[in-house]
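Chain and residue survey
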Amino acid sequence: MTIISAAAATSGAVEKREDLVTVAIDDIELSVPKGTLVIRAAELIGIEIPRFCDHPLLEPVGACRQCLVEVPDAGNGRPIPKPQASCTLEVAPGMKIRTQLTSPIADKAQHGNMEFLLINHPLDCPICDKGGECPLQNQALSYGYAETRFHDVKRTFPKPINISANVLLDRERCVLCARCTRFSEQIAGDPFIALVERGALQQVGIYEKEPFESYFSGNTIQICPVGALTSAAYRFRSRPFDLVSTPSIAEHDACGSAIRVDHRRGLVMRRLAGDDPEVNEEWITDKDRFAFAYGRGEDRLTRPLVRDGNVLRPASWPEAIDRCVQGLKQAGSSVGVLTGGRLTVEDAYAYAKFARAVLGTNNIDFRARPHSAEEADFLAAAVAGTGRGISYADLEAAGSVLLVCFEPEEEAGAIFLRLRKANRKRGLASWTLAPYLSGGARKIGATLISTVPGDEAAVLDRLGDATDEDGPQLDNGSVILVGDRAAESSGTLSACLRLAERTGAQLAWIPRRAGDRGAVEAGCLPNLLPGGRPVAAPTARVDTQTTWGIGSLPAAEGRDADEMLLAAADDELAALVVAGVEAGDFIDPQAAIEGLEKIRFVISIETRASQVSERANVVLPVSLMEERAGSFINWEGRDRPFGIVIERPNAISDLRVLRLLADGLGTSLGIETPAQAKAELAELGPWEGVRAAAPKIEPSEAEVPGVTTAVLATWRLAIDGSRAIDGEPFLLATARRPVAQLNPKTAAAAAVSDRVVVSNDRGALTFDVVLDDAMAEGVVWIPRRSPGITVSEHLAAAAGELVSIGPPQELVLAGSGSAAAATSAGAGTTDLGEVVR
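Each chain carries its own residue numbering, running from 1 in the direction its sequence is written. Since the coordinates come from a predicted model, pLDDT governs what is reported: local features require at least 70, and pairs of side-chain atoms require 80 or more to be given and counted, while whole-chain, interface and lining totals use all residues. By convention in this description, side-chain values take in all heavy atoms of the structure and omit both hydrogens and water.

Below, the discussion takes up helix α20 (residues 589-598). Partly exposed residues are those whose accessible area sits between 20% and 50% of the maximum for their type, while under 20% is buried and over 50% is exposed, using a 1.4 Å probe and protein chains only. Numbering goes from the N terminus for both helices and strands, where a helix is a DSSP run of H or I of at least four residues and a strand is a run of E of at least two. Every buried residue belonging to α20 is among P589, A592, I593, G595 and L596, and all of these are buried. Buried positions in α20, seen along its axis, are confined to an arc of 160° and lie on one side of it. Only heavy atoms matter for contacts: two residues are in contact if any of them lie within 4.5 Å across the pair. Looking at the buried residues of α20, the elements they touch are α19 (561-569), β26 (575-579), β27 (601-606), α21 (611-614) and α26 (791-794). Picture the helix axis, draw a direction to every C-beta atom, and the arc is the one those directions span.

Now the structure itself:
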């Protein structure tokens, strides 16, 4: 016999442990931790036991019975009379187990169970989406009989049925492994699918009154061991052996989730979750899984465009570059650079270097969203150049967690799943500063700290008292997660820093977009050079100049995104380079568009036509994310590199466009490839000098609501009217119905019942009402964006501002003092918010 320890089997290094149990599997002795399942112990020595219901991230259930093993000695000298399910059986000292490799009993039991599972299973492998990668297909060949003894009529059901808009169910294929139902209940917290009926009629079903609404439903398709659950978008589109698979990183949030991209003939067919235990484990959001067709529409930019009068016409690359060079030379240093959240670290670094070394300006900002000067100072002091900080593992092991202006389920799915896992496994305590307790916050067991928007800083300054038994208990084992929405509330980021210093808790900033953390590190801020170097520090500028090989850098801090658009309106900015920016991302899109229209020369570097590109003097098309290589830096500060998925012969990245522009302006950018950009950024490294001073903004006071006015609370949902979902109708159909959340007292005072009109002097929106007793009084919450409506477009209001609320019959517009009839606001469908014209 060979004796192997679990540590040696996994890492080659033997660690002394006191809780090891020695067992024998197929006459091979090994020591594993107490509580280890037999099926896991067998895996450590390379023995594969067939299974369907078992999954390492789900709790054992023993539903399929395919993993049967013989136990001749249970550790007490007596055998267990019948074969046992190895996925639910824990090891015991001295236990002896025989698998199908050495036991005729186990082998016969597995063959018999496979025959039983196949009795009603249809023989439709040639048309099944799972064919070619199906565990049932594979194990039927390995552990099943060559011929069936069943010749009666198989059970059939009408098919498919919609579990959700994304997920389709073929019931006769289901082997009742309960993987999907366990995932929904244990991992995602959306237990809206279940096994219903009994005996031969048992099947996966949904609650009639509650549809399967989950941001993670696609994971049930991937973990289904048969073809019972299929994707509405991928169904009958391809076969696994037709596909080329490439590992990549999801681009829709700051989590850095690993994905696998499957493509055929230059077209992405599907995405699957990658296996990365340190980041997303084996789960991804539906947005990461299904939202990849946004670059296939008619608005895809494929050729440069130049403006002749009021018309943008196609042009050659040399002509477009020459036109850009001419416009930038005329603007001189009166130029700005706006970058959005789609950029890789390498592209963001290229923009930061292009702005300073080529254009000679610090007017650069990646924050095409609500932002503040306080946020820029916070990022310079607490985020940029700090390297790897809090990790997913730290979140899972934290003593407690405080969420500030952050909804994990809506804004960072992988973080949400880790917090929920920690709460289920060990009761992690968490608190959320919010106007109401959202569904996602309930799923992670969070406690609400009721907060009126605008009052976050004052509430934070009152926290951290160890004698307050009802408040958050924060110490050096705690984590504070603050979202980028905190920039909308003056003093909140400063208060977070004070709270972290007061309690010893660790602080992490969670942006919503994938490229934001990398843009901070690359220096796409008006007050920061790459690596967290303050623009105002002479030594930081000299350090950067030396690496870049240039004589000088601008010393004055530049304008942020809002200031650039205001300067354009005042004719103080002559040119603007814009990349990956949507006007709708600003609080007031109309003001942003007006600012763009007043700039004499605009260059739009973009993948798709937009409101920005429509107003540009020159439009330069760049490649989609799947057509370029690069990396993101996720919220942890972890580097997440990815390669090219689909090779396009004429694909041009942002970096390459900037190099062409720099050459035309007579200054070499010094980097030509993403690898060179990354190497130069690594050469600069994090700033080791005196860091920028932390912001010290005092708490602001929240607005005081009246009888018919309320403080606006709003944030974006995971699936909304984003252009990233274009081309995915099934995913868009899962968007949650937009509603207004109100406290019953607030609603009663404003005479609101089932529908409410939310308005100001810019416009109005109508929503169905959801009353919540725990909602902060005097506050109305509405989604910032939903299919067909946006708060920015119709109200141009930020969180914390006063808005009018009232029934659809009549309302008073906040800030105008005049009454506006809205008798038609209640007409039409009640499934979507409506615009009051």
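Turning to the pairing of strand β17 (residues 335-339), a few remarks are in order. Of all five residues in β17, five are buried; the element is thus mostly enclosed. Taking every second residue as pointing to the same face, both faces of β17 are buried, with V335, V337 and T339 on one and G336 and L338 on the other. Both β17 and β26 contribute to a ladder of five bridges, which runs parallel. Counterpart to V335 in the pairing with β26 is A575. By this definition, two strands are paired if DSSP reports at least two bridges between them. Pairing between β17 and strand β18 (residues 364-365): two bridges, direction parallel. Each bridged residue has a counterpart across the sheet, and for L338 the counterpart in β18 is D365. In the classification by handedness, the crossover that spans β17, the intervening helix α9 (residues 345-358) and the parallel β18 is right-handed. Viewed with both strands pointing away, a crossover whose connecting path from the first strand over the helix to the second turns clockwise is right-handed.

All right, on to helix α5 (residues 179-188) then. Here α5 lies mainly inside the structure; nine of its 10 residues are buried. Residues R179, C180, T181, R182, F183, S184, Q186, I187 and A188 constitute the buried set of α5. A positive phi of about 75° marks G189, the residue just after α5.

Once that is clear, we can look at the confidence of the model for the protein chain. Segments scoring low in pLDDT should not have their predicted coordinates read at a detailed level. Every residue gets a pLDDT, meaning the predictor's confidence in that residue, from 0 to 100. Looking at the protein chain, the pLDDT average stands at 90 and 93% of residues meet or exceed 70. Across residues 9-14, where pLDDT falls below 50, the model places nine contacts with residues more than four positions away in sequence or in other chains. Counting interchain partners and residues more than four positions distant, the pLDDT-below-50 stretch residues 815-837 has 49 contacts.

Moving on: the nonpolar core. I25, I415, L419, L481 and W635 are the most contacted members of the largest nonpolar core, which totals 99 residues. No other element matches helix α13 (residues 413-426), which puts six residues into this core. In terms of nonpolar packing, the next biggest core, distinct from the first, is built from 83 residues, F378, A384, A574 and A677 among them. What makes a nonpolar core is a set of buried Ala, Val, Leu, Ile, Met, Phe, Trp, Tyr and Cys residues whose side-chain atoms join them at distances within 4.5 Å.

Let us now look at the environment of V401. Tracing the backbone through its elements, the reader meets V401 in strand β19 (residues 400-404). On the accessibility criterion, V401 (1% relative accessible area) is buried. Each C-alpha atom of the pair V401 and L301 lies 44 Å from the other, and the pair is 100 residues apart in sequence. Not counting chain neighbours up to four residues away, the residues in contact with V401 comprise L419, L428, A429, S430, W431, V479 and L481.

Let us look at the packing of α19 against α20. Put simply, α19 and α20 touch, their axes get as near as 7 Å, and they point 55° apart. In terms of their interaxial angle, α19 and α20 are classed as oblique. The handedness of the crossing between α19 and α20 is left-handed. Contact residues: L565, A568 and A569 in α19; A592, G595, L596 and K598 in α20. Residue polarity is assigned by list, with Asp, Glu, Lys and Arg as charged and Ala, Val, Leu, Ile, Met, Phe, Trp, Tyr, Cys and Pro as nonpolar; anything else, Gly included, falls into the polar class. A class-by-class count of the residues in the contact of α19 with α20 yields five nonpolar, one polar and one charged. Only the stretch in contact is used when fitting a helix axis, every axis being a line fitted to C-alpha atoms; angles between N-to-C directions are given from 0 to 180 degrees. Roughly parallel here means an angle under 35 degrees, roughly antiparallel means over 145, roughly perpendicular means 65 to 115, and every remaining angle is called oblique. Each crossing gets its hand from how the near helix is turned against the far one by less than a right angle, where anticlockwise is left-handed and clockwise is right-handed.

Before going further, it helps to spend a moment on empty space enclosed by the protein. Think of a 1 Å grid over the protein atoms and nothing else: a 1.4 Å probe that fits but is trapped marks a cavity, an open set flanked by protein within 12 Å on at least five of seven lines marks a pocket, and residues with an atom within 4 Å of a point count as lining. Grid points are joined across faces, edges and corners, and a volume is the space filled by probe spheres set on the points. Using the criterion set out here, one finds seven cavities of 30 Å³ or more in the structure. Considered as a void within the structure, the largest cavity measures approximately 270 Å³ in volume. Residue lining of the largest cavity: 21 residues in total, with R369, P370, D585, R716 and R784 positioned closest to the centre. Looking at side-chain class alone, the lining of the largest cavity contains seven nonpolar, three polar and 11 charged residues.

Let us look at the pairing of β19. Counting buried positions over the five residues of β19 gives five, a clear majority of the element. Across the two faces of β19 the burial is the same, with S400, L402 and V404 and V401 and L403 all buried. One ladder, built from five bridges, connects β19 with strand β22 (residues 478-483); its direction is parallel. Paired with V404 across the strands is V482, a residue of β22. Of the pairings in the sheet, the one linking β19 to strand β20 (residues 429-434) comprises five bridges and is parallel in character. Among the inter-strand pairings, L403 is bridged to a residue of β20, identified as T432.

Let's shift gears to the side chain of R420. Summarising the element assignment, R420 is placed in helix α13. Positive: Lys, Arg. Negative: Asp, Glu. His and the chain ends are not part of the count. A side-chain nitrogen of Lys or Arg and a carboxyl oxygen of Asp or Glu constitute a salt bridge if their distance falls within 4 Å. The buried charged residue R420 lacks any salt bridge, with E185 as its nearest oppositely charged partner at 7.0 Å. Dropping the residues within four chain positions of it, R420 is found in contact with E185, Q186, I187, A188, G189, K443 and I444.

The next thing to look at is the environment of K353. Position of K353 relative to the elements: it lies in helix α9. Of the residues examined, K353 reaches a relative accessible area of 3% and is grouped as buried. As a C-alpha pair, K353 and D19 span 334 residues in sequence and 55 Å in three-dimensional space. Beyond its immediate chain neighbours, meaning those up to four positions away, K353 contacts V358, W548, L669, G670 and E680.

On to the packing of aromatic side chains. Aromatic pairs are defined between Phe, Tyr and Trp rings, using the six-membered ring for Trp, whenever the two ring centres lie within 6.5 Å; interplanar angles under 30 degrees are classed as stacked, those over 60 as edge-to-face, and all others as tilted. In the structure shown here, the tally under the stated rule is eight aromatic pairs. Where F632 meets F642, the ring centres are 5.4 Å apart and the plane angle is 35°; that geometry is what we call tilted. Note that F632 is positioned in strand β29 (residues 630-633) and F642 in strand β30 (residues 639-642), a separation of 10 residues in sequence. For the residue pair F632 and F642, the accessibility class agrees, reading buried in each case. Ring pairs connect the aromatic residues Y436, W715 and W781, which therefore count as one cluster. Sitting over a ring, as applied to charges here, requires NZ of Lys or CZ of Arg to be within 6 Å of the ring centre and within 35 degrees of the ring normal. Over the ring of Y215 we find R736; its NZ or CZ atom is 3.9 Å from the centre of that ring.

Another point: the sheet that holds β18. Taken in spatial order, the seven strands of this open sheet run β16-β15-β28-β27-β26-β17-β18, and their pairing is mixed. Across the chains shown, the open sheet's two edge strands, defined by having one partner strand only, are β16 (311-314) and β18. Inspection of the sheet shows β26 paired to β27 by five bridges, in the parallel sense. When the sheet's bridge partners are listed, A575 is paired in β27 with F601.

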